[in-house]
Structures are given as structure tokens and as C-alpha cells.
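Here is how the chains run, residue by residue.
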Amino acid sequence: MSQRIDLDHGRFRQIIRGKIKQNLRKYISQGEMIAKKGGDKVSIPLPQVDLPRFKWGDKQQGGVGQGDGDVGDALGGQPGQGPPGQGPAGDRPGEHMAELEVSLAELAEIMGEELSLPRIQPKGTEKIVSWKDKYTGIRTTGPESLRHFRRTYKQALRRQIAFGTYNPKDPVIVPIRDDRRYRSWKSEPLPQSNAVIIYMMDVSGSMGDEQKEIVRIESFWIDTWLRSQYHGIESRYIIHDAMAKEVDRDTFFRTRESGGTMISSAYKLCAKIIEDEYPPELWNIYPFHFSDGDNWSIDDTHTCVELMKSKILPAVNLFAYGQVESPYGSGQFIKDLTEHFGDDERVVTSDIKGKDAIMDSIKEFLGKGK
Amino acid sequence: MAGPRRFPDYLREMQETIEGHARGFGLDFFPIIYEVLDYKTMNEVAAYGGFPTRYPHWRFGMDYEQLAKGYEWGLQKIYEMVINTNPAYAYLLEGNSLVDQKIVMAHVCAHVDFFKHNYYFSKTNRKMIDGMANHAALVRRHMERQGQDVVEDFIDTCLSLENLIDPMSPYIQRQREAKPDDEPDDDVPRLRAKQYMDKFINPPEYLEAQRKKKEAERKKAARRFPEEPQRDVLAFLLAHAPLQPWQRDVLEVVRNEAYYFAPQAMTKIMNEGWATYWHSKIMTERALTAAEIIDYADACSGVLATAPGRLNPYKLGVELYRHIEQRWNKGQFGKEWDECDRLDVKRDWDRRLGLGQRKIFEVRRLHNDITFLDEFFTFDFCVEQKFYSVGWNDKASTYEIQSREFAKVKEQLLRSLTNRGQPFIYVEDGNFDNKAELYLRHRHDGVDLDLGQAKDTLKALAKVWTRPVNLLTKFDGKGKLIRCDGEALSEKAAEYTS
């Protein structure tokens, strides 16, 4: 038996990729994939991939069942899932396929193709920081704790058969010193993660649930893309209203405060994190800030600009600011940033008008290949 | 992926023992060749319908993915697979317990016996492994010349039409052969009359009129194409659609394989029932050791489990064979039995005929699922086995138990099996409207078509026919003519007469 199935399977995956690509905008704006995320795979609801046939409509078809129950008892089943009557129990899968699993890496690749995102040129060389031991081989010497029982046994069996001392009726195997086999290891370099994303979000009263949902979806995709570009990546999360604090991922997306907004507080914290933990010559740093653009005062905006100029921008690959449209916000901040950094390559701003604009916004953010 | 392993000795011994038992019971099968596969290879082979080689197509990859998922998630596992060839190839899953392997072997013996003796398998190609390999080679060759995408696309099209065959055609003659003396005989029957009366009894004007009428009818018949509505749409397309040679090859491959697999769909209940009947008999009466009984019972309960609203062909099949066996053992058949209306007499009816075994062997030779159920699915059996019919409740938006009435249940059961549970579609006219359009007709037996699918299928059909195609059907009680001219679809009301 050859690996023909791999070819057919490959064709099938290609078709799926095509479908995902076609519907990418929809998936992104509806955020359906994130909810189902688990591990490094997402499952994607996909219109059934199947060939059309002349067949009966579901509802009238009915079927036959067996067992207890009164006339009129409900049997479950949804329209479109097919009639319950036919089909063997358990030896074949159902005909309808609702979800498909795709790895995040593949998803990132599809997104990259669809948005024609350039690959990122990491700055500096990838520093090899740690080594990891991998048990890959077998050798004849070693500590007893690493003895490979099965290989030792096999070796002894082989020797006894060769010497003719093996008796199938009384299969006693006695290993001698030379039979012993030990696991051996190799140390492999482990490219350490050298990129960090610092997410900042305005959680003041004017950011509603819808705005946060947009941030959540957008950050998921940014995360997915950047992860596909670096070996391992760290994420940090900062929320702010008039004060900023660092939180974990869950809190980041859930918190709702009601205070005013001082963006500088977040930038201060961001600058501090970079200064303390991420020396810019070793790290690729990506701060992303999402807000509705309603800052407390012009003074604070000046503080922000100063902070960016002096501390943040010199350290980062890219500074991204996404402004989510909100009915309460003035949306002034994006204009301020454009005014000060309009021709600075390291700063990208994007005005996200709604869920449908997420794709374009992602392209604006990541399209520079930095 | 590892190739097939050497068949281990202990399994070989097991095979010999089990086959000995099976022969002892009167089963007669082709030689069986087992291969032990790991689950990956098993899934691969299963995706290919049990064959090592099929033509390249993404659908197999899709099936494979589903099977692999099902296995990984612990939802399903293929225990056994056997294909209808001589010698028969069967696959065992590596790592199954010995009891499982025993059950599978007993099960497989009965399947192969069924393949060998059931009438509906009598015309299948027993060298289908080669057949499939040849198909694969042919398709690959065309792919190399025409490009993979083009050919694969056309396979998609053909597969959409795959079920438009006439599964009974290998067994019956649908059309009378053309009479050799097809010379039109101009004679109009005349009444006997004395010569001088002839003019009055057979007036020449009348005769002339008759002659003309006949002539017109003949002309009309000659213009009809095909002469009779044709169920094997694929054959019609092969004969009359303007296909390129490679397209013809592909369509022929698809049709050939559809015919090969058709008997399995027509005898699913009988075949699985037969295999279950025999593995149960062989295991419980011969092959089981005391230590294995629990594992055996566990495996069996899985095979025979019923879920609400689902029909388990294994269960239905095996119970029906057992029911038949018992009836023929006790002589509960024939005119006397049918006419007896005293329940007490019927309950204790036992003529000690002992014909059960003979009867079920006869049944497995002659019947397919429909005739099997039509003949033996009796009132007693239906009540005893608690069958019910399932219907859709629009108000509650759910399927529900519709009826436990015997007549209803049986009708529903037979209907769901008729034509392998698929609608009847006929080619009525290959020159519709005198514009070389194809005209199909759906024979409506109470269930509407899935219109969305039907339209997509028409598109596929139009691709093959290269001229517009039409389908007459009935939807929501009204006649409907759907037309596809390759790109655009249109619908209009039409008269539907049965």
C-alpha cells in the first residue's frame, strides 16, 4: 500500500484552503473561529464540501426506527442533518460535515496569501539562548537509569538465538553486560522566542462591548500572523483608563471600567516593560494600542507623543494604533498621532469603522512587513 | 506507512479453526486473504472502499480525513472490512483483542459466503482489484495528458450523476430485442366477409383511415428517442452525449464502479444480518472460550445497539434471519398458518419441521433487501421487534415517532430501500423540443426532491450533455420543469402526469 491517500488528502486540503480563502473576510468579521479555538488548531464551520446528487428532500423522507417510545415522541435531530432513519450504526461517518480543523500556522498562511502580507524581516539575528536535550539515539554505555529495556532484551534475545542457547519452550532471556543498551541524547539549540507583542487597550466607559469584540478579533489575527513569523512569541496585556495596569489575557478582554482616559498611563507602563525586560537589540517589539480615540486632555496627548518619541519608538519594530469607532468618542487621538508621526515608518494607524473593516485594518498594520 | 505485515501464525491458526467451523455449518466461501493493518492504513483502505488502488480524487482524501478524525476522537473504529473479490481480501485491525479478531473472522466468512452465493452479486467482477487498478491507471494517464484539474473536475461532474444507473439491469431485460421482421406490415385487420359484402363490412375509406393512423403512430414512435424511458442515464450519456474520448473513459469508469458497488447497497441489511447471524452462531456454539465470553458480549452489544430513530441493519438483518429460521423450524408458514386466526393455536404452533437452516440459506441466495423485507417482515416480527416509523414534525421542528401501525412501518421501510433510497430519474427524451435538449423525469413517489441539490446536479448534467437539460418533477404537489442551459437555471410550472 502506498501513500496515495496523502495525495488525495492533499487535494482535499487544497480545496478546503480555497474555500477558507474565499470566505476569509466573513470568518474574520464574524469572529467565529476564535470562539472555537483550542490548542494550536481552530475548527472552521464550512459549507459542506460535497458533490450534488439527485436525492430526496430531508423532511418528508422519514425513516424507520426500533425500540421503545410512544407515537409522537420526539427523536431529536435538526433539519438539514438528514433523516435519522437510514444509515448503519457506527461503521461509517455521517455525510454532512460541518466543521474542519485547520492549524493556526496554516490559517496564518492563508491569511498571508489573501491579504498578500509580506514576510517579516526580523531585526538582529536570532539569538540562540537555550539548549534542549532530546533523546534520539541508543548507545552501549550509559547510566542504568537510562537503560532501554526493550532494546536490551532484543539484543539479548538476538545473541541467544545466534549462540543457539535460546529455547522456545523455556524462553528465558538473560542479558549480559554487552547486551545493555542505553538511551542517548543530543542537545539541540532551541531558538528562543525573541518577539513580544504588547497589547494595550482603552477600557474606559466609552469602549462598549462591540468595540471590545473588534479588538478581540483583530488581536487574535495579529497574534496568529506574528506567531507564524517568529518561533514562539510573548504577549503582554495592558489595560488602561486613567490608570494603567498589566493583566492576563482573559482579564484583558473582559474588564470594563468606567473611568476617564489617560493614554499616557498605558504608554508609560509600556515603556517601562520594554526598558525592564526587553532590550531592543535582542527583541522584536510590537506594541498595539486600541482605543476609541478619546483622550482626557491635550496635555496628556503631548505626554504620549513625548513618550513615544523618546522611549517607545526607538525600541520597537512597529507601533500600531487602532482606533475603534465608538458613539461616545471624539476620535481625536488618531489625528494627533498622524500629525506628529505621519511620516514615521514605525507608526501605523488604522481607523476601524466596524467588524467589516477588520480585514483592511489588519492589512494596514501588517502590510509593511516589519 | 508500513506495508502489510506478515500474517502472524497465531492468526493463521485462528483463521483455520474459524473457517473449519464455518464450513461445518455449511458456509461456502472464496479463499480469504487477511491483512493486518494499523489504524492509519485501515482508514486509508477504508477511504478507498476497501481497495488498495483507486483513481486519484480528493473525495477519498475527504473520507480519509473523516475516518481519521472519528478514530482520533474515539468515536468510531473500523473493525473489519472485506471486499467482494475472488480470492476475497479482508483486513484486520492491528491491536484488536483476540476475541475481536475471532469475531471478525467469523463475520468475514459469512460475508464472503454471501458474496459468492447471493444472486445479486452473481454478475459482479470478482477481479475488481485489477479492475480498480486499471481504472486508476487509465485516469492517471488522462490526467497526465489533459491536466489533473481538468480531469478531476470532470470526475466531480460524473460523480454527481453516479447514482443515475439501473441497478437491476444486469439481471433483467428491460427492452425487447428488436424484432428481426421489423418490416412494417401495412395490413389493417379486416373482418371476414364474403367478397360481395366486403365493401360494406370493411369500407375502404375506413381501412385507409386506419392505415394512416397506424402509419402516424409508427412515425411518432420512431421519433421518440429513447424509445422507452431509460433509467440508466449514464449509459444514455455514454451512447449519445458528445464526449471526448478521455471524458468517455472517465464516465465509463465511474459507471462501472457504481454498478460494482450497487449490489452492496441493495443487500446491506441481508448481508450484515447474515454475517452477524453467523459470527454469533460460530462464536457461541463453537469458538468461544469461557474467558472470552464477556468481551464477546460487549463487542456484540455494540454491533447490535439501536439508537432512537435509527435503523441498525445488523440488528434488523440478524433478527429477521432468526425469525425466519424459527418459523420454518416450527412450520409457521403456508396457507394453513396464514389462514389461522386463533392466537392460542398460533402461539403453540410447532410442526417440528426443522427446515429453518435450509430456508435461511435459500433466502440468502435469492433475495435482496427489498424482497427480503417484503416477504418476511411480518406483523408478528414488527410488533416483537418494536418497529416504528419516523416522520418530521414541522411544528415541533423535530423528528418524532409517527406510527407503530404495521402497514405504515412496512411501507416506510420498503420505500426507504427502494432504488437504494434514491429517487427514480428517467431519460424521457434526448431531443426535447426538437432542439437536442435532454429531458429527464423524476418519478415522484410521495417524496419531493431536494431542489437545491437537484439544480446543482442539473448543472453537472448540462456539462456532460453540452446542451440544455430539463427535469420534470413535482414539488409541493405541483408539477415543475427545471431547466439548465449550462449557466442559468430557470423554473416554470409544468404539467406532471403520472
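Sequence order sets the numbering: in each chain, residues are counted from 1 along the sequence as written. Numbering of ligands from 1 and lettering of chains from A proceed in the order in which they are written. In keeping with the model being predicted, local features are shown solely for residues with a pLDDT of at least 70 and side-chain atom pairs are shown and tallied solely at 80 or more, while totals for entire chains, interfaces and linings include all residues. Water and hydrogen atoms were dropped before computing side-chain values, which therefore reflect all heavy atoms in the structure.

Chemist: Would you explain the overall build of chain A in this entry?
Modeler: Helix and strand counts for chain A come out as twelve helices and twelve strands. By residue count, 45% of the 370 residues in chain A fall in the buried class. Whether two residues touch is decided by their heavy atoms; if any such pair falls within 4.5 Å, the residues are in contact. Excluding contacts between residues fewer than 6 apart, the proportion of contacts in chain A whose partners are at least 24 apart in sequence is 79%. In short, Shrake-Rupley with a 1.4 Å probe defines the accessible areas, and a residue's cover is counted only from the protein chains shown. For chain A, the accessible area works out to roughly 18,600 Å², and carbon and sulfur atoms hold 49% of it. A run of H or I in DSSP counts as a helix once it spans at least four residues, and a run of E counts as a strand once it spans at least two, with each numbered from the N terminus. Relative accessibility thresholds used throughout: buried, under 20% of the residue-type maximum; exposed, over 50%; partly exposed, between the two (1.4 Å probe, protein chains only).

Chemist: How should the interface of chain B and chain A be read in this particular structure?
Modeler: How big an interface is tends to be expressed through the accessible area that disappears when the partners come together. Residue-level contacts link 85 residues of chain B with 58 residues of chain A. What counts as buried area is the accessible surface, traced by a 1.4 Å probe, that two parts surrender upon association, with contributions from both included. Both sides of the chain B and chain A interface together cover about 6,700 Å² of buried area, and 55% of this is carbon and sulfur. In what follows, salt bridge is the name for a side-chain nitrogen of Lys or Arg lying within 4 Å of a carboxyl oxygen of Asp or Glu. Across the chain B-chain A interface, the total number found is five salt bridges. With a closest N to O distance of 2.8 Å, Arg11(A) and Glu152(B) form a salt bridge. Here a polar contact means two N or O atoms within 3.5 Å. Within protein one must be a hydrogen donor candidate and the other an acceptor candidate, and residues neighboring in sequence count only if both atoms are side-chain atoms. Between the two partners, chain B and chain A, sit 23 residue pairs in polar contact (both at pLDDT 80 or more). Every element with two or more residues in the side of chain B that touches chain A is listed here: helix H2 (39-47), helix H3 (58-72), helix H6 (148-160), helix H13 (313-330), strand S4 (387-393), strand S5 (398-403), helix H19 (406-417) and helix H20 (451-465) of chain B.

Chemist: Whenever I open this one, the side chain of Asp8(A) confuses me. Can you help?
Modeler: With respect to the secondary-structure elements, Asp8(A) resides in helix H1 (residues 4-22). Excluding anything up to four places from it in sequence, Asp8(A) contacts Tyr48(B), Tyr55(B), Pro56(B), His57(B), Trp58(B), Phe60(B) and Gly61(B).

Chemist: Explanation requested: the pairing of strand S2 (residues 63-66) of chain A in the structure shown.
Modeler: Taken residue by residue, a regular strand's side chains alternate between the two faces of the sheet. Neither face of S2(A) is exposed, since Gly63(A) and Gly65(A) on one face and Val64(A) and Gln66(A) on the opposite face are all buried. Pairs of strands are assigned from DSSP output, requiring at least two bridges between the strands. Sheet topology places S2(A) next to S4(B); four bridges connect them, and they run antiparallel. In the strand pairing of S4(B), Gly65(A) is matched with Tyr388(B).

Chemist: Mind showing me how you'd approach the sheet that holds strand S2 (residues 80-82) of chain B here?
Modeler: The strands making up a sheet associate through backbone hydrogen bonding, with each pair oriented either parallel or antiparallel. All names here are of chain B. One open sheet accounts for three strands, arranged S1-S3-S2; its pairing is mixed. Single-partner strands in this sheet number two, and they are strand S1 (32-37) and S2. Pairwise comparison of adjacent strand axes, ignoring direction, gives a mean angle of 20 degrees for this sheet. The sheet contact formed by S2 and strand S3 (residues 88-93) spans three bridges and is antiparallel. Looking across to S3, one finds that Val82 is bridged to Ala90. Axis geometry follows a simple rule: fit a line to the C-alpha atoms, using only the stretch in contact for helices, then measure angles between N-to-C directions, giving values from 0 to 180 degrees.

Chemist: I would appreciate a short explanation of the pattern of salt bridges in the present structure.
Modeler: Between side chains of opposite charge, a pair can form as their charged atoms come close. Evaluated as defined, the whole model comprises 40 salt bridges over all chains. Residue Lys386(B) pairs with Asp68(A) through a salt bridge whose shortest N-O separation is 2.7 Å. Of this pair, Lys386(B) sits in the loop between helix H18 (379-384) and S4 while Asp68(A) sits in the loop between S2 and strand S3 (74-76), each in a different chain. Judged by its relative accessible area of 39%, Lys386(B) is partly exposed. Exposure remark for Asp68(A): the relative accessible area of 61% places this residue in the exposed category. Between Glu319(B) and Lys315(B) there is a salt bridge; the shortest N-O distance is 3.2 Å. With Glu319(B) and Lys315(B) both in helix H13 and four residues apart, this pair spans about one turn of that helix. Taken together, the shared-partner salt bridges in this structure form one network comprising Arg13(A), Glu106(A), Glu65(B) and Lys69(B).

Chemist: Even after reading the chapter, I still don't get the environment of Glu292(B), so can you show me in this structure?
Modeler: Residue and element names in this part refer to chain B. In this structure, Glu292 sits in the loop between helix H11 (268-287) and helix H12 (293-304). For Glu292, a relative accessible area of 13% gives the class buried. Each C-alpha atom of the pair Glu292 and Leu98 lies 8.9 Å from the other, and the pair is 194 residues apart in sequence. Apart from the residues within four sequence positions on either side, Glu292 is in contact with Val99, Lys102 and Ala287.

Chemist: Which parts of the structure should I look at to understand the nonpolar core?
Modeler: Considering soluble globular proteins, one finds that nonpolar side chains tend to be buried as a cluster. Core analysis: the biggest nonpolar cluster contains 119 residues, and Ile20(A), Phe54(A), Trp221(A), Leu226(A), Phe288(A), Leu237(B) and Leu438(B) have the highest contact counts within it. With nine residues, the top contributor of residues to this core is helix H10 (residues 245-266) of chain B. Once residues lying within four places of it in the same chain are set aside, the contact partners of Phe288(A) are Ile197(A), Ile198(A), Tyr199(A), Met200(A), Ile222(A), Leu226(A), Ala320(A), Phe365(A) and Leu366(A). Listed in part, the 63 residues of the second largest apolar core include Phe7(B), Tyr296(B), Phe381(B) and Cys382(B). We call a set of buried residues a nonpolar core when its members are Ala, Val, Leu, Ile, Met, Phe, Trp, Tyr or Cys and they connect through side-chain atoms within 4.5 Å of each other.

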